[in-house]
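Residue-level listing of the chains:
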There are 2 protein chains.
Amino acid sequence: MALDQDRAAGSLYRKVAADLREAITSGSFGDAGRLPAEGALAEQYGVSRGTVRQALALLRADGLVTSRRGTRRVVLGSARVQSFSELLSFTHWARSMGEEPGGRLDSMVRRPADAAEREQLRLEPGTEVYVMLRLRTLSGTPVMVERTVYPPRVGELVAQLPPDAVSHTEPLREHGILFSDADHTIDVVGANADDARLLGCRRGSPLLREKRRTTDPTGTPVEWSQDRYLPGTVAFSIHNSLASSALSRHAREND
Amino acid sequence: MALDQDRAAGSLYRKVAADLREAITSGSFGDAGRLPAEGALAEQYGVSRGTVRQALALLRADGLVTSRRGTRRVVLGSARVQSFSELLSFTHWARSMGEEPGGRLDSMVRRPADAAEREQLRLEPGTEVYVMLRLRTLSGTPVMVERTVYPPRVGELVAQLPPDAVSHTEPLREHGILFSDADHTIDVVGANADDARLLGCRRGSPLLREKRRTTDPTGTPVEWSQDRYLPGTVAFSIHNSLASSALSRHAREND
DNA sequence: CTGGCCAAGTTGGCCAGCCAACTTCCGTCG
DNA sequence: CGACGGAAGTTGGCTGGCCAACTTGGCCAG
């Protein structure tokens, strides 16, 4: 229901991209995995070549096709890339896999932001933040501990949600809090006392950690979160290429 | 030296993008973090608005700027995204940080590919592959174990390299093996006997694992690698947005 | 039969223009 | 003083066209 809404989303090149994506994954173009020429596609869809190129740029960024000057595009595979909302919302993600998402609020406190939090959320000294600790489950089994810091504008809304609310991002969107960009950092960390208590593991046992800072369309940070997953429950995958690279590897700094 | 070569790389919009990237990170546009209008930039650089938009699309994909209809672009930050080659080559990456990369070949065997390897490298049944196990060090300290599977065409070249060669990707490039696209999967895994022996950790102790399949511009796989990092040495970061999302989270399947 | 050359096909890149959708700001009216 | 409305500014989207760079395959000469 909400899926069809953002699938083609108005613009012409997105519709073309969605159609081509489906044609690729359904196994058309089996002819040695070669796509029709841009000009042929343009005529077929009744659009200009520029529009087709915009659509193909989307597919290339997703790792579905290559592109080289001089020869036709080649189908790489049916790399399944999730939508942005599916990535930010644990609830949305779980449901798309057919699992039942759950959440248990452990604590929600309001206190002055420390130096790191002020920098991440771009807050003035002395500003208060809302810090939330929540256990996340898939079909009843504990999977992840979520430690999220909200700036006041967002935290006030989250604090008013019922404690047993499964999804927080959906109500936030209805209150006009929009998510637009996110920076993720992935590494390994040992479980602290809270993690061990909530996940039922030993202190110091390894967890896959995803740190995430999300901003709205104006560039204002709306959340800073640390999600700690039990090993063996999830993995993250990324596609990148010479044409577009959003991934980076770096020496791990403090914290 | 090799850096300047791919920085602007011929095309006009890449030069504009490189110039804007530098202007942003050097702190121009301090005026509330607002970029000049597309039209103004087009006139300033003496190019068309379409070319400016191509350049800005690169910056948006890197997470440097936002973009919303109706208002000027906003500077998000100086997100440091590494070049593609810096990401694939441990040697290149280490040197860009000012560290001394090292490598010690542990084993290099040639044997028939198993089912998983055939699927990853798209090989016919019975084809032989080259399997390499190598310890990687930064300034002398062990950091990562690299387990790479090469198809015959590539493996024959790697096997002829001297055992103490630090970089493998650079000689490969000179032999015409080009890297174009890569799929990465990141999770946590316990050290096996080889990992423990080479890294000096205990068996079963957690490692940050990056599985990577790289293809050339024609879509043919050229390597399938598993890199296992000691915790606390590296982290991976990704930027994504509503406009372009190449990251995905998924339930961890077998192996 | 082999090697090299050439032409056709294809994508990359750049330009100029046009309109729609949206944001912001300011002036006006109640 | 506040709310409403409109105008100006800006980005999103699409078209049509042109040339350059590159790949591929076939033809031709040796």
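As the structure is a prediction and not an experimental result, all values here were calculated from the model. (Residues numbered from 1 in each chain as written. Chains lettered and ligands numbered in written order. Predicted model: local features only at pLDDT ≥ 70, side-chain atom pairs only at ≥ 80, totals over all residues. Heavy atoms only, no water.)

**Q** Help me understand the pairing of strand β3 (residues 141–150) of chain B in this model?
**A** Taken residue by residue, a regular strand's side chains alternate between the two faces of the sheet. Residues and elements named next belong to chain B. With seven of ten residues buried, β3 is to be regarded as a mostly interior element. Across nine bridges, the pairing between strand β2 (residues 128–138) and β3 is antiparallel. Bridge pairing in β3 links L133 to R147. Counting the residues that bridge the hairpin from β2 to β3 gives two residues, and of these S139 lies at a positive phi of roughly 50°. Where β3 lies against strand β6 (residues 221–229), six bridges are found, and the strand directions are antiparallel. Bridge pairing in β6 places E146 opposite D227. (Buried < 20%, exposed > 50% of the residue type's maximum accessible area, 1.4 Å probe, protein only. Helix = DSSP H or I, 4+ residues; strand = E, 2+ residues; numbered from the N terminus. Pairing = 2+ DSSP bridges.)

**Q** I tried to follow the relation of the copies chain B and chain A on my own but got confused; where do I start?
**A** What relates the pair of chain copies is a rotation about an axis plus a shift along that axis. When chain B is fitted to chain A, the residual RMSD is 0.0 Å, and the transformation amounts to a turn of 180° plus an axial shift of 0.0 Å. The relationship between the two copies is best expressed as a two-fold rotation axis. Relative to the rotation axis, the C-alpha of P206 of chain B is the closest in chain B, positioned 3.1 Å from it. Of the interface residues in chain B, 100% have counterparts in chain A that sit at the interface too, so the contact is made through matching surfaces. (Least-squares fit on C-alpha atoms with pLDDT ≥ 70 in both. Contact = heavy atoms within 4.5 Å.)

**Q** Explain the pattern of salt bridges to me, please; I cannot follow it from the model alone.
**A** Pairing of side chains with opposite charge becomes possible as their charged atoms draw close. All names here are of chain B. Throughout the structure, instances matching the rule amount to 34 salt bridges over all chains. Residue E38 is joined to R73 by a salt bridge in which the shortest nitrogen-to-oxygen separation is 2.9 Å. Of this pair, E38 sits in helix α3 (residues 38–45) while R73 sits in the loop between α4 (49–61) and α5 (84–88), placing them 35 residues apart in sequence. Taking relative accessible area as the criterion, E38 reaches 13% and is therefore assigned buried. For E146, the salt bridge identified is with R134, shortest N-O distance 3.5 Å. Of this pair, E146 sits in strand β3 while R134 is found in strand β2, placing the two residues twelve residues apart along the sequence. An identical accessibility class is assigned to E146 and R134; each is buried. (Salt bridge = Lys/Arg side-chain N within 4 Å of Asp/Glu carboxyl O.)

**Q** I keep staring at the protein's contact with DNA strand C and nothing clicks. Help me out?
**A** Surveying the vicinity of DNA strand C reveals 24 residues, the closest of which are E38 and R72 of chain A together with L12, S48 and T51 of chain B. Within 4 Å of the protein, the contacting atoms of DNA strand C are 73% sugar and phosphate, with bases supplying the remainder. Measuring from a phosphate oxygen of DNA strand C, one finds a side-chain N or O atom of R53 of chain A at 2.9 Å. Within the backbone of L12 of chain B, a nitrogen or oxygen atom sits 2.2 Å from a phosphate oxygen of DNA strand C. Mapped onto the surface near DNA strand C, the elements with two or more residues apiece are α4 (49–61) of chain A together with α2 (12–25) and α4 of chain B. When the residues that make up the surface near DNA strand C are grouped by side-chain class, the tally is five nonpolar, nine polar and ten charged. (Near = heavy atom within 4 Å. Polar contact = N/O pair within 3.5 Å; in protein donor to acceptor, adjacent residues only side chain to side chain. Nonpolar A, V, L, I, M, F, W, Y, C, P; charged D, E, K, R; others polar.)

**Q** Got a minute to help me understand the sheet that holds β3 of chain B in this structure?
**A** The strands making up a sheet are joined through hydrogen bonds of the backbone, oriented either antiparallel or parallel. Ordered in space as β1(B)-β2(B)-β3(B)-β6(B)-β5(B)-β4(B)-β7(A)-β8(B), the eight strands form an open sheet in which the pairing is antiparallel. A strand with exactly one partner marks an edge of an open sheet, and here the two such strands are β1 (101–112) and β8 (247–251) of chain B. The average angle at which neighbouring strand axes cross in this sheet is 20°, direction not considered. In this fold helix α8 (residues 152–159) of chain B packs onto β1, β2, β3 and β6 of chain B, with an angle of close to 50° to the strand it touches most, β2 of chain B. (Axes fitted to C-alpha atoms, helices over the stretch in contact; angles between N-to-C directions.)

**Q** Is there a simple way to think about the environment of G63 of chain B in this case?
**A** Residue and element names in this part refer to chain B. Position of G63 relative to the elements: it lies in the loop between α4 and α5. A residue is classified by how much of its surface remains accessible, and G63, at 4% relative accessible area, is buried. For the pair G63 and I238, spaced 175 residues apart in the sequence, the C-alpha separation amounts to 9.3 Å. Those residues in contact with G63 that sit more than four places away from it in its chain are L76, G77, A79 and H239.

**Q** Just to check I follow, could you spell out the packing of α3 of chain B against α4 of chain B for this structure?
**A** Geometry of a packed helix pair, given as the angle between the helix axes and the separation of the axes. Residue and element names in this part refer to chain B. Taken N-terminus to C-terminus, the directions of α3 and α4 make an angle of 105°; their axes are 8 Å apart at the nearest point. By the angle between their axes, α3 is roughly perpendicular relative to α4. Of the residues in α4, those touching α3 at E38, L41 and A42 are R49, V52, R53 and L56. (Parallel < 35°, antiparallel > 145°, perpendicular 65-115°, else oblique.)

**Q** Would you take a moment to explain the domain arrangement of chain A for this structure?
**A** Interface extent is often summarised as the accessible area lost during association of the parts. Once the domains are mapped, chain A shows domain 1 (12–79) and domain 2 (84–229). Inter-centroid distance (C-alpha atoms) of domain 1 of chain A to domain 2 of chain A is 37 Å. (Domains from an automatic or database assignment.)

**Q** Help me understand the nonpolar core in this model?
**A** Nonpolar side chains in soluble globular proteins tend to end up buried together. L208, Y229 and F236 of chain A together with L208, Y229 and F236 of chain B are the most contacted members of the largest nonpolar core, which totals 30 residues. Secondary structure elements with two or more residues in this core: α6 (90–96), β3 (141–150), β4 (181–190) and β7 (234–241) of chain A together with α6 (90–96), β3, β4 (181–190) and β7 (234–241) of chain B. Leave out the neighbours within four places in its chain, and L208 of chain B touches I186, D187, V188 and L208 of chain A together with I186, D187, D227, R228, Y229, V234 and F236 of chain B. Residues V16, L41, V65 and V75 of chain B belong to the second largest nonpolar core, which totals 16 residues. (Core = buried A, V, L, I, M, F, W, Y, C linked by side-chain atoms within 4.5 Å.)

**Q** Would you mind showing me how to read unusual backbone geometry here?
**A** As a rule of thumb, non-glycine residues mostly have phi less than zero, and peptide bonds are mostly trans rather than cis. Residue and element names in this part refer to chain A. Positioned with a positive phi, R122 is a non-glycine residue whose angle comes to about 55°. Inspection of the secondary structure puts R122 in the loop between α7 (115–121) and β2 (128–138). Overall, R122 belongs to the partly exposed group, its relative accessible area being 46%. Positive phi, close to 50°, is recorded for S139, a residue that is not glycine. Mapped onto the secondary structure, S139 falls in the loop between β2 and β3. Judged by its relative accessible area of 44%, S139 falls in the partly exposed class.

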